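Topology and contacts: notes
Chain by chain, the residues:
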Amino acid sequence: MQIRISWPAGHLTATLDDTPTAQALAKALPLASTARTWGEEVYFDTGVSVALEESAQQVVESGTVAFWTDGDALALPYGPTPISRGDECRLASPCNVLGHLDGDPRTLATVRDGDPVRVELVAD
């Protein structure tokens, strides 16, 4: 499954794995939200509420598409956050891993706190 994430200065696509959280997110698409930034991470509310999966991780690769269950939010790290050790991408708490961004995750650096963001399914 592929999604497109758009904001005023750009967009990225992401390929999602077939997980319960990804399926719940897909059912809620398209969605519009407001971007928030936390270090080199963009996150935004989805209105989707899911349980933490057994495979949840707190330290992930740059470009991971994660779901922060504590905030019902999609979390998109592209570099260190305020709690990272070194150059790692450390999320606020363990998150469900949904997949990975296609292309350069550093494109997310153009997202500004408060930007409108839209997420939609990409047709096959």
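Just above sits the structure.
Residues numbered from 1 in each chain as written. Predicted model: local features only at pLDDT ≥ 70, side-chain atom pairs only at ≥ 80, totals over all residues. Heavy atoms only, no water.

1. So, the nonpolar core
One finds Ile-5, Leu-16, Leu-25, Phe-44, Val-65, Leu-98 and Leu-108 to be the most contacted residues of the largest nonpolar core, which totals 26 residues. Breaking this core down by element, the ones donating at least two residues are strand S1 (2-7), strand S2 (10-16), helix H1 (20-28), strand S5 (41-45), strand S7 (64-68), strand S8 (73-77), strand S9 (89-102) and strand S10 (116-121). Residues within four places of Leu-98 in sequence aside, it is in contact with Thr-15, Leu-16, Asp-17, Thr-19, Thr-21, Ala-22, Leu-25, Val-65, Phe-67 and Leu-74. Formed by six residues, the second largest nonpolar core is a distinct cluster that contains Ala-66, Ala-75, Cys-89 and Leu-91. (Core = buried A, V, L, I, M, F, W, Y, C linked by side-chain atoms within 4.5 Å. Buried < 20%, exposed > 50% of the residue type's maximum accessible area, 1.4 Å probe, protein only. Helix = DSSP H or I, 4+ residues; strand = E, 2+ residues; numbered from the N terminus. Contact = heavy atoms within 4.5 Å.)

2. Digging into the pairing of S2
The pairing of S1 with S2 spans six bridges and is classified as antiparallel. Residue pairing in the sheet places Ser-6 in a bridge with His-11 of S2. Between the antiparallel neighbours S1 and S2 lie two residues. As judged from the four bridges shared by S2 and S9, these two strands associate in the antiparallel manner. Bridge pairing in S9 links Thr-15 to His-100. (Pairing = 2+ DSSP bridges.)

3. Quick look at the environment of Leu-101
Position of Leu-101 among the secondary structure elements: in strand S9. For Leu-101, a relative accessible area of 5% gives the class buried. Considering only alpha carbons, one finds Leu-101 and Ile-3, 98 residues apart in sequence, at a separation of 9.2 Å. Setting aside residues up to four positions removed in sequence, Leu-101 forms contacts with Ile-5, Leu-12, Thr-13, Ala-14, Gly-63, Val-65 and Leu-108.

4. With respect to the pattern of salt bridges
Under the definition given, this model contains four salt bridges. We note a salt bridge from Glu-40 to Arg-106, for which the minimum N-O separation is 3.0 Å. Taken together, the residues span a long stretch of sequence, with Glu-40 in the loop between strand S4 (36-37) and S5 and Arg-106 in the loop between S9 and S10 at a distance of 66 residues. A salt bridge links Arg-90 to Glu-88, with the nearest nitrogen and oxygen atoms 2.6 Å apart. Accessibility classification places Arg-90 together with Glu-88 in one group, the buried group. (Salt bridge = Lys/Arg side-chain N within 4 Å of Asp/Glu carboxyl O.)

5. Concerning H1
Of the residues making up H1, those classed as buried are Thr-21, Ala-22, Leu-25 and Ala-26. An end-on view of H1 places all buried positions within 135 degrees of arc, on one side of the element. Turned more than 90 degrees off the buried face of H1, the exposed positions are Pro-20 and Lys-27. (Arc of directions from axis to C-beta.)

6. Remarks on the side chain of Thr-64
One can find Thr-64 in strand S7. In this structure Thr-64 touches Ala-75, Leu-76, Pro-77, Val-97, Gly-99 and His-100, once residues within four positions along its chain are discounted.

7. Some words on the environment of Tyr-78
Within the secondary structure layout, Tyr-78 lies in the loop between S8 and S9. For Tyr-78, a relative accessible area of 10% translates into the label buried. Sequence-wise, Tyr-78 and Arg-106 are 28 residues apart; in three dimensions their C-alpha atoms are separated by 5.7 Å. With near-sequence residues (within four places) excluded, Tyr-78 lies in contact with Gly-39, Glu-40, Glu-41, Val-42, Ser-62, Gly-63, Cys-89, Pro-105, Arg-106, Leu-108 and Ala-109.

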